[in-house]
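# Commentary on secondary and tertiary structure
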Protein chains: 2
Amino acid sequence: MTTVLIADDQPLQRFGFRMLLESQDDMAVLGEATNGTEATRLTAELHPDVVLMDVRMPGLDGIEATRRIVATGARTRVLILTTFDLDEYAYAGLRAGASGFLVKDAQPEELLSGIRAVATGDAVVAPSLTRRLLDTYAQHLPTGTPDDTPARAADDPRLVSLTDREREILTVIGQGWTNTEIATRLHLAESTVKTHVGRILSKTGCRDRVQAVILAYDTKLVEPS
Amino acid sequence: MTTVLIADDQPLQRFGFRMLLESQDDMAVLGEATNGTEATRLTAELHPDVVLMDVRMPGLDGIEATRRIVATGARTRVLILTTFDLDEYAYAGLRAGASGFLVKDAQPEELLSGIRAVATGDAVVAPSLTRRLLDTYAQHLPTGTPDDTPARAADDPRLVSLTDREREILTVIGQGWTNTEIATRLHLAESTVKTHVGRILSKTGCRDRVQAVILAYDTKLVEPS
DNA sequence: GGAGGCGTAGTACCCGGGTACTACGGTGGC
DNA sequence: GCCACCGTAGTACCCGGGTACTACGCCTCC
């Protein structure tokens, strides 16, 4: 028996999932959460095998909730669901420690088999995303011919979804600039800077600018001095 | 004529400095500031040759004020003064871009010659501090015998004044932990964590934890993964 | 046995950072 | 010509981080 917690802010969506899952005699829905905080709490309480996690939720989003659940060390697996915006959240979700990433317009059978897969410790990724992941990673796989480009790390997988401008901003974040400084020195409104920073964080799955700095160093976007 | 701005929160101290400086016919006191914010503002207004900067001031302290003044690119030099706590602030002050660092119990002549020195672009450091700086750096100077220790960077000059515990905390800051996480995982009260973090920032001269992360990477306290 | 350093802890306060939105002009692709 | 993406900008709101203090038990060193 696979126990599942549903985390989605849309009641109708939750209802659909519940109906689907309860139609299976090897699955049981332990509860429903309407936001990330609730998802985290209920997971700690109910210990489901799998959390079906929506990305976009008010308050604590699915990515961050995933991170927290994984951080507790519980054996609960998280399967992230999203409507679209694949590129946007894929890395974030997987970095957060999710066991899978599916799109909501998947066939019901795909979802069910996905749940069964992650419950047993496997991982699943939506085919459309798998493709993109492969394309991305392919450039970084060892080739037959020796590759002497010394880790052109600026196009690290974790950064691919960033626009040039965002990468620029991430660089100066990595140099320790505050939002105000970025605004002044780059001749931008502080609100614009915040918009950029917010998008960078969500795309990369970083919780805050501190982790963004770490990412910038890890990807060699900025180098230790 | 060397023009000077006095920044100190103690009226009596300011008075003493003013008297001393005005007794010299090659020096003029342009004004007095009682905190860092005022010091920054008055510097921008009056363009003194030298700011005599106290470290401990309410609100914006002397270190941060120094950083801001230096950041403006003005040709004003900052000479930092402190009562004691040399180790504590020395690095912070020098990293902030100060041209000098003197102790308040110095002889009046020392102070005067110090001011003249920094006004002409030289740098001065209190002898007691010089000693310590040398001791610190000496370990890092190239020796006659080849040194095969691969940059045991944990005792980087910028970190020497940190206690073991503080270094520990800095490490996890560098790993992106929030104060709450540090408190939980290290079994501490959050207030304790904040105390540690505050001391780390003031000792290292970092403005905030973001810069602390950068420092942690630069000193190889934490390594890119 | 005092002094000082260290690690711990607390309170009160303020501000910058981050989130959640909306919006709008430019540009490039279909 | 329209749609999607990008860069820009704004408002409103909340919270974590940082500062400024005080305090106390434990060591170590003189």
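Heads up: the structure comes first, above all this text.
Just so we're clear, the structure is a prediction, and the values are computed from it rather than from any experiment. (Residues numbered from 1 in each chain as written. Chains lettered and ligands numbered in written order. Predicted model: local features only at pLDDT ≥ 70, side-chain atom pairs only at ≥ 80, totals over all residues. Heavy atoms only, no water.)

### Focus: the pairing of strand E1 (residues 2-7) of chain A
Most of E1(A) sits inside the fold, with six of its six residues counted as buried. Neither face of E1(A) is open: one carries A:Thr2, A:Val4 and A:Ile6, the other A:Thr3, A:Leu5 and A:Ala7, and all of them are buried. (Buried < 20%, exposed > 50% of the residue type's maximum accessible area, 1.4 Å probe, protein only. Helix = DSSP H or I, 4+ residues; strand = E, 2+ residues; numbered from the N terminus.)

### As for the protein's contact with DNA strand C
In the vicinity of DNA strand C, 18 residues are found, and the nearest of them are A:Gly59, A:Arg209, B:Thr163, B:Arg165 and B:Ala189. When the atoms of DNA strand C within 4 Å of the protein are grouped by moiety, sugar and phosphate amount to 60% of the total. At the level of secondary structure, the elements contributing two or more residues to the surface near DNA strand C comprise helix H9 (190-204) of chain A together with helix H9 (190-204) of chain B. Here the element with the most residues in the surface near DNA strand C is H9(B); it accounts for five residues. (Near = heavy atom within 4 Å.)

### A word on the interface of chain A and chain B
On the chain B side, the residues contacting the 18 residues of chain A number 18 residues. Buried surface at the junction of chain A and chain B, summed over both partners, amounts to about 1400 Å²; 54% is from carbon and sulfur atoms. Where chain A packs against chain B, one counts two salt bridges. Between A:Arg207 and B:Glu181 there is a salt bridge whose closest N-O contact spans 2.6 Å. (Contact = heavy atoms within 4.5 Å. Buried area = accessible area lost by both parts, 1.4 Å probe. Salt bridge = Lys/Arg side-chain N within 4 Å of Asp/Glu carboxyl O.)

### Section: the side chain of B:Arg14
Residues and elements named next belong to chain B. With respect to the helices and strands, the residue Arg-14 is situated in helix H1 (residues 11-22). For Arg-14, a relative accessible area of 12% translates into the label buried. Among the polar contacts made by the side chain of Arg-14, one reaches the main-chain carbonyl oxygen of Asp-8 at a distance of 2.8 Å. (Polar contact = N/O pair within 3.5 Å; in protein donor to acceptor, adjacent residues only side chain to side chain.)

### Observations regarding the relation of the copies chain A and chain B
Once turned by 179 degrees and shifted 0.2 Å along the axis, chain A lies on chain B with an RMSD of 0.1 Å. In short, the pair behaves as if placed about a two-fold rotation axis. By C-alpha distance to the rotation axis, the residue of chain A lying nearest is A:Val210, at 2.8 Å. Interface overlap between copies is the fraction of interface residues in one copy that are interface residues in the other; for chain A against chain B it reaches 100%, indicating a shared surface. (Least-squares fit on C-alpha atoms with pLDDT ≥ 70 in both.)

Nothing here speaks to function; it is geometry throughout.
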